[in-house]
Amino acid sequence: EAGVTQSPTHLIKTRGQQATLRCSPISGHTSVYWYQQALGLGLQFLLWYDEGEERNRGNFPPRFSGRQFPNYSSELNVNALELEDSALYLCASSSLGYRNTEAFFGQGTRLTVV
Amino acid sequence: AQRVTQPEKLLSVFKGAPVELKCNYSYSGSPELFWYVQYSRQRLQLLLRHISRESIKGFTADLNKGETSFHLKKPFAQEEDSAMYYCALASGGSNYKLTFGKGTLLTVNP
């Protein structure tokens, strides 16, 4: 069974541009989570999507947004990129957004803003 | 607000020695806690969850509500245990999210 897949693996953008990151969850999973892993800050929760709707978001500005498609894949959009947005962005999926459910992670997209 | 603290960024032990990775949490509700592990060049994966009360790869973790801790322990460390370990707390209901600590890099020396 295919795991969570993310694309692209690496992305280089200039300050002020927009970045779009994509995530395909494990088949059958309806919940998708996005995390930012910046150097020295650990994993910061960004967004949770379930059944096509945004259910929760972390403490990030509105220029971080996303959506979930009918097939449960998801996009993360970062507008007006800033240098400090450079980080590894991880996507995870689970069968339900419940507390005891295991989250399965992708390999991540390395975003570099120059 | 919920918070997970892993006080040690780095932990180095010798093979066969006991290992304990510390995790403390702050949460007003009933916590659900996990340990995730990331081996070199692999993706982050679940190691164990407190509700299962299981031992995985020789690791155990006990939830201590009085001390708000969920330390990960193994009596005899192996070289293949070298990895990044993250403690995580899940909140419930409509505000569900999984909050991670900053991680501890465990190195087991031969």
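Structure: see above.
Definitions and cut-offs
- Residues numbered from 1 in each chain as written.
- Chains lettered and ligands numbered in written order.
- Predicted model: local features only at pLDDT ≥ 70, side-chain atom pairs only at ≥ 80, totals over all residues.
- Heavy atoms only, no water.
- Phe/Tyr/Trp six-rings, centres within 6.5 Å; stacked < 30°, edge-to-face > 60°.
- Helix = DSSP H or I, 4+ residues; strand = E, 2+ residues; numbered from the N terminus.
- Buried < 20%, exposed > 50% of the residue type's maximum accessible area, 1.4 Å probe, protein only.
- Contact = heavy atoms within 4.5 Å.
- Disulfide = S-S within 2.5 Å.
- Pairing = 2+ DSSP bridges.
- Axes fitted to C-alpha atoms, helices over the stretch in contact; angles between N-to-C directions.
- Core = buried A, V, L, I, M, F, W, Y, C linked by side-chain atoms within 4.5 Å.

(A) Local environment of the packing of aromatic side chains. Throughout the structure, instances matching the rule amount to 11 aromatic pairs over all chains. Consider the rings of F105 of chain A and Y36 of chain B, whose centres lie 5.8 Å apart with planes at 80 degrees: the pair is edge-to-face. Placement of the pair is F105 of chain A in strand β10 (residues 104-105) and Y36 of chain B in strand β5 (residues 32-38), with the two residues belonging to separate chains. Residue Y36 of chain B is classed as buried on the basis of its relative accessible area of 0%. Here the aromatic rings of F59 of chain B and Y85 of chain B are separated by 5.6 Å at their centres, their planes lie at 50 degrees, and the arrangement is tilted.

(B) Summary view of the environment of A80 of chain A. All names here are of chain A. If you trace the backbone, A80 turns up in the loop between β8 (74-78) and β9 (87-94). Classification of A80 by relative accessible area gives partly exposed; the value is 41%. Spatially, the C-alpha atom of A80 lies 33 Å from that of S95, the residues being 15 residues apart in sequence. If near-sequence neighbours (up to four positions away) are discounted, A80 is found in contact with G16, Q17, R63 and D85.

(C) Structural view of unusual backbone geometry. In this structure, the amide linkage connecting S7 of chain A to the following residue, P8 of chain A, adopts the cis form with an omega of -10 degrees. Mapped onto the elements of the fold, P8 of chain A is located in the loop between β1 (5-7) and β2 (10-13). The residue E51 of chain A is not glycine, and still its phi comes out positive at about 50 degrees. At R41 of chain B, a residue that is not glycine, the phi angle is positive and equals roughly 65 degrees.

(D) Representation of the state of the cysteines within the structure. Using the criterion set out here, one finds two disulfides over all chains in the structure. The partner cysteine of C23 of chain A in its disulfide is C91 of chain A, sulfur to sulfur 1.8 Å. Taking the sign of the torsion about the S-S bond as the criterion, the disulfide between C23 of chain A and C91 of chain A, at about -60 degrees, is left-handed. Here C91 of chain A lies in strand β9 and C23 of chain A lies in strand β3 (residues 19-24), a separation of 68 residues in the sequence. Given the relative accessible area of 0%, C91 of chain A is considered buried. Across a sulfur-sulfur distance of 2.0 Å, C23 of chain B and C87 of chain B are joined as a disulfide pair. Residues C23 of chain B and C87 of chain B are joined through a disulfide that is left-handed, its torsion about the S-S bond being -65 degrees. In this pair, C23 of chain B sits in the loop between β3 (19-21) and β4 (24-26) while C87 of chain B sits in strand β9 (residues 83-90), placing the two residues 64 residues apart along the sequence.

(E) Broad picture of the sheet that holds β1 of chain A. Residue and element names in this part refer to chain A. Here four strands make up an open sheet; going across it, the order is β1-β3-β8-β7 and the pairing antiparallel. Whereas interior strands pair on both sides, the edge strands pair on one side only; in this sheet they are β1 and β7 (64-68). In this sheet, neighbouring strand axes are inclined to one another by 20 degrees on average, regardless of whether the strands run parallel or antiparallel. Sheet topology note: the β7/β8 ladder contains five bridges and is antiparallel. Residue pairing for β8: R67 is matched across the bridge by E75.

(F) Focus on the sheet that holds strand β8 (residues 72-74) of chain B. Residues and elements named next belong to chain B. Read from one edge to the other, the open sheet built from three strands follows the order β3-β8-β7, with strand pairing classed as antiparallel. The sheet is open, and its two edges are formed by β3 and β7 (60-61), each paired on a single side. For β7 and β8, the ladder comprises two bridges, and the chain directions are antiparallel. Bridged to A61 within β8 is L72.

(G) Representation of the nonpolar core. If you look at the biggest cluster of nonpolar residues, it comprises 24 residues, and the most contacted ones within it are W35, L72 and Y85 of chain B. Looking at this core, the elements with two or more residues in it are β2 (10-14), β3, β5, β6 (45-49), β9 and β11 (104-109) of chain B. A per-element tally of this core places β9 of chain B first, with four residues. Residues L21, L81, C91 and L111 of chain A belong to the second largest nonpolar core, which totals 22 residues.

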